[in-house]
Amino acid sequence: MYNVLTCLAYEHDLALVAVAGILCYLTNLGTVVFLARARGLSKPAARWSWCAFAAVTGGFGIWATHFIAMLAYDAGLPVTYQFGPTLFSLAVAVVATTVAGIATIKMRGAEAAIAAGLVFGVGVSSMHFIGMSAVEFGGHIQWRSDLVITAILLCALVSPFGFWKASGSSRVGLWMGAGLLAAGIVGMHFTAMGAAELIPDATVVSDTPHLSKPWMVTTILVAAVSMILSGLIAVAVTARAERSTRKANENFELLVNGVTDYAIYMLDPQGNISSWNTGAERFKGYSASEVIGKHFSRFMSKEDQAAGVPLAALQQAKNEGRFEANGWRYRKDGSAFFANIVIQPVYGEAGEHVGFAKITRDISEQKAAADRIQEVSRNLDLALENMIQGICLFDKDERLVLSNQRYRDIFRLTDGFLEPGITYWEIVKRGYELALADPEEALQRARAHYDRQISAVRSGQKSLIHKISEDRTILANFSTLSEGGWVATFEDITDRTRSEEQIAFLAKHDGLTKLPNRSAFTDFLAHEVAFADHTSGRMAVLGIDLNKFKLVNDQMGHAVGDQVLVELASRMSAVLGSGEIVARFGGDEFAALKRYNDVSELNDFVTRLSDALNSTVEIRDHKLSCGASIGISVYPKDGKTPQALLANADLAMYRAKQSISQNVCFYDGEMDDVARDRARMAKDLWQAIEEGQFKLNYQVQKSIATSETTGYEVLLRWVHPERGNVPPVDFIEVAEECGAILPIGEWVLREACREAATWEPHLKVAVNLSPVQIAHADIGALVDQVLQETKLDPSRLELEITESSIIVDKNRAMAALQAIKALGVSIAIDDFGTGYSSLETLRSFPFDKIKLDRSFMTELNESDEAKAMVRAILALGQGLRIPVLAEGVETSEQLDILRSEGCHEAQGYLLGRPGPTVEKSVGLAA
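Only a predicted model underlies this, so the values are computations on that prediction, with no experimental measurement involved. (Residues numbered from 1 in each chain as written. Predicted model: local features only at pLDDT ≥ 70, side-chain atom pairs only at ≥ 80, totals over all residues. Heavy atoms only, no water.)

Colleague: Lay out helix α27 (residues 779-790) with the relevant residues and their values.
Modeller: For α27, which comprises 12 residues, the first-to-last C-alpha distance of 16 Å matches the rise-based estimate of 16 Å (1.5 Å per residue) to within 8%. Among the structural elements, α25 (741-756), α26 (771-776), β26 (797-802) and α29 (810-822) are those in contact with the buried residues of α27. Just downstream of α27, Lys-791 is the residue with a positive phi angle, here 65 degrees. (Helix = DSSP H or I, 4+ residues; strand = E, 2+ residues; numbered from the N terminus. Expected span 1.5 Å × (residues − 1). Contact = heavy atoms within 4.5 Å.)

Colleague: Tell me about the sheet that holds strand β21 (residues 664-666), and please be specific about residues and values.
Modeller: One open sheet accounts for 5 strands, arranged β16-β17-β15-β20-β21; its pairing is mixed. Two strands in the sheet have a free side with no partner beyond their single neighbour: β16 (580-586) and β21. Strand-to-strand twist of the sheet, defined as the mean angle between neighbouring strand axes without regard to direction, takes the value 20 degrees. Across 6 bridges, β16 lies against strand β17 (residues 589-596) in antiparallel orientation. Each bridged residue has a counterpart across the sheet, and for Glu-580 the counterpart in β17 is Lys-594. Packed onto the sheet, helix α21 (residues 599-614) meets β15 (538-546), β16, β17, β20 (628-635) and β21 and runs at close to 155 degrees relative to β17. (Pairing = 2+ DSSP bridges. Axes fitted to C-alpha atoms, helices over the stretch in contact; angles between N-to-C directions.)

Colleague: Can you lay out the packing of helix α5 (residues 109-132) against helix α6 (residues 145-165) for me, pointing to particular residues and giving the numbers?
Modeller: Across the interface, α5 lies against α6 with an axial gap of 7 Å and an inter-helix angle of 145 degrees. Where α5 crosses over α6, the handedness of that crossing is right-handed. Residues Ala-113, Ile-114, Ala-116, Gly-117, Leu-118, Phe-120, Gly-121, Val-124, Ser-125 and Phe-129 of α5 form the contact with α6, whose participating residues are Val-148, Ala-151, Ile-152, Cys-155, Ala-156, Ser-159, Pro-160, Phe-163 and Trp-164. Tallied by class, the residues present in the contact of α5 with α6 amount to 15 nonpolar, 4 polar and no charged. (Left-handed = near helix turned anticlockwise from the far one by under 90°. Nonpolar A, V, L, I, M, F, W, Y, C, P; charged D, E, K, R; others polar.)

Colleague: Help me get a handle on the nonpolar core, residues and values and all.
Modeller: If you look at the biggest cluster of nonpolar residues, it comprises 73 residues, and the most contacted ones within it are Leu-685 and Leu-797. The leading source of residues in this core is α25, at 7 residues. Contact partners of Leu-797, with chain neighbours within four places excluded, come to Leu-749, Cys-753, Val-765, Val-767, Val-783, Leu-787, Leu-792, Val-825 and Ser-826. Of all hydrophobic cores here, the second largest spans 31 residues; its members include Leu-515, Leu-568, Leu-602 and Leu-624. (Core = buried A, V, L, I, M, F, W, Y, C linked by side-chain atoms within 4.5 Å. Buried < 20%, exposed > 50% of the residue type's maximum accessible area, 1.4 Å probe, protein only.)

Colleague: Give a detailed account of the packing of aromatic side chains, specifying residues and quantitative values.
Modeller: How two aromatic rings sit relative to each other is given by the distance of their centres and the angle of their planes. With the rule as written, the count across this model stands at 17 aromatic pairs. Ring geometry for Trp-328 and Phe-338: centres 5.1 Å apart, planes at 75 degrees, overall edge-to-face. In this pair, Trp-328 is assigned in strand β7 (residues 323-330) and Phe-338 in strand β8 (residues 336-347), connecting sequence segments 10 residues apart. Classification of Trp-328 by relative accessible area gives partly exposed; the value is 41%. Residues Tyr-424 and Tyr-450 carry aromatic rings whose centres are separated by 5.9 Å and whose planes lie at 35 degrees to one another, so their mutual orientation is tilted. Here Tyr-450 lies in helix α16 (residues 439-459) and Tyr-424 lies in helix α15 (residues 424-435), a separation of 26 residues in the sequence. Judged by its relative accessible area of 1%, Tyr-424 falls in the buried class. Clustering of aromatic rings is evident, with ring pairs tying together Phe-394, Tyr-424, Trp-425, Tyr-450 and Trp-486. Above the plane of the ring of Trp-425 lies Arg-447, whose end atom (NZ or CZ) is 4.0 Å from the centre. If you follow Arg-913 out to its NZ or CZ, it ends over the ring of Tyr-909, 4.0 Å from the centre. (Phe/Tyr/Trp six-rings, centres within 6.5 Å; stacked < 30°, edge-to-face > 60°. Lys NZ or Arg CZ within 6 Å of the ring centre and 35° of its normal.)

Colleague: Give a description of the side chain of Asp-588 that names residues and reports values.
Modeller: Structurally, Asp-588 can be placed in the loop between β16 and β17. Of the side chains bearing the opposite charge, Lys-657 lies closest to the buried Asp-588, which forms no salt bridge; the N-O distance is 5.3 Å. In contact with Asp-588, not counting residues within four places along its chain, are Ile-544, Asp-545, Leu-546, Phe-549 and Leu-565. (Lys, Arg positive; Asp, Glu negative; His and termini not counted. Salt bridge = Lys/Arg side-chain N within 4 Å of Asp/Glu carboxyl O.)

Colleague: Before we move on, could you go through unusual backbone geometry and cite the residues and values that matter?
Modeller: The omega torsion of the bond from Tyr-635 to Pro-636 falls at 5 degrees, within 30 degrees of zero and hence cis. Along the chain, Pro-636 falls in the loop between β20 and α22 (642-658). Phi angles above zero are rare outside glycine, and Glu-398 is one such case at about 65 degrees. Positionally, Glu-398 belongs in the loop between β10 (390-394) and β11 (400-403). Glu-398 gets classed as buried once you look at its relative accessible area, which sits at 16%.

Okay, here's the thing in structure tokens:
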């Protein structure tokens, strides 16, 4: 340290030392100011320009400081400087300053200060010793290594603190940073100068070109000061410009942020948000910190994002200079608002694209108002265009103001023709020209139409009917306006007119065959009865029913059935003469009426109708022949009122239908009373179902071998309020014909099972099934349902069927029996040995029991043939392993024969009479 102070005090020109120190401080001040300027710029070109300027001025200034301080050194020997090493030392100073400046820009914080300081310290030290190597004098330099190292460390350690203090933007920090850098340089310089000792040596002679001391001082000082001052001036000028720009930007930002009705923000070229105003925050609910740096597509729906709408908007704005659209945008809380969006590209000073300016305005209220107006307008348009009437509005000059599509359609006018402003006369004239082929007729009709319409409007008339052509009728309704115009509605009532005519026709005619219907026939019949009564004339009523029409419907379908009806109706109409009428009552029922004087006329009429009905009808390559049954009642013998004549004709027709040899029957009072009685009974049966007039009796069934009771057969009884007790043989067939057997049979099954569920568990209950039940009901499902409802064990239920139940539709019957059998229910074949009994029936289905008909019991004691038949049936049962139960056992002899022949079970009066309860039956049997 002593050497350093001695060197500074006694071997230096202190005036030049002061100059060097001031220059060093100014140089470092300029360097840190220029680097701070570079760090504050965003444009790369400007940033690196200031960095380069800082490197050149700083490096040159430090080099100048070094050599002015060197020139201040006087060791008592003449000293010169080599040109090459001197310039190389300048390059080293510039490079070191450059690298240090790059570090301060590229790096941040302490890392930047340390890196820049170390590079700067080592570089400046290197510049010093390279510069010392350029010194020439008559001798050589001897270095103290400890001071050399100290000099280098001093600069390298102090410089990072200088860069760290200058890394901020405050002026004090810049001044202090420059001072520390200057101190490090000056300290290094004079420490290094103290480490050098110049040793004279007469043998050393320098002939290298050198620079004179005055020239170097002047040149270096002027150049360094000029560069530093010019740089500082440039900084001052740009700072003032920036302050002005910043002030303008601040004012603009205040203006933008003060706008709260618009969301105004900037986007970078990729669409990321770079600025955010108060209006944007109010509209969208995001603070600036939440959205800056995020893509603006976050405000759009996921569908728009997926469709690429955000990028398309930016591309359109860039290509066309502007993008504007309306659409839904979404806030931070998920709520939506309808917005007007404007996007414009923003370009830099050099014309480069730097981003986009985006303005968003909430127009939800405007949209709502526009939507309401549009909705009202749309509803009005819809109402007008969907009116079934044509509507038009004319002003006081008879010019069209508005009209709807239906008005154009009614008069078959083109859209281009029917424009507002056209006169009513032109419309009417054009309408008739399109409707009529003859121009003169069209003009004449148009004039008449126009005159009638205008006259009606002016007179206050409310409506008119116009016959446009032979097949078109228009109803016009109009209302006059206070200013002289009028509103008119037009309705094409052609279809209505036709419908009214059709309705009037259908009111008296059948819609399918176009024959008179029941109402028309009844009216005509009443007229004919009155006429015959007045004239003592004769008249016949015919009831007609097709025989095989149901078969046609079932096999060919109802469409073919309808064609058959139409053809037969046409044929009957074709053979009608004067005083004759045929009507359709419905389905395949017809009625006819004939006024006659002689029976031969009636017979001829019947023959004509029979021939028409019985002849073959060809439809779809099929030849169909239904045939018909005809019943005839004659006035006044068979009835004097229309009702009586129709009823008696029907009775005669039913008798003809049941007859094998006759298709035509005249009413016979005695014979048709039976049919009438059956009809009354059918009606009574339905009433009996509603009123609960049926009851059940039970007849015991016993084992022949053990005499033990095995079960009971259910017998149905009808207690009629007028007829008394009606036996099943009198009403079962009627019930089957009218369909009442279905609800009756279901009631019997349910009541029998309910009762049997209360018996001892070994007793079975036998219930008869009608063929109708098997053919027309889902008997398997019914049995299952009843068993579940009554909780009766299926093995205790035995259903009895006759063979006639099977032969009508064997496949259907067998399927039904299989379904019942699957439930665990027993099935017995009843009345075996009569009717259609055959081995095929027994082979087709595994019956659980054969019931021998009671008719065999009456002759069993006296007839060998009856015994042989019973023996054969019992043998058949044994062979098939099917038990046989004999019905109608009334004597002990009959029971003994059955026992000897191996019959299993029996029932009859001998064993017990039928009774309403099981207990009573048991008692009677005992």
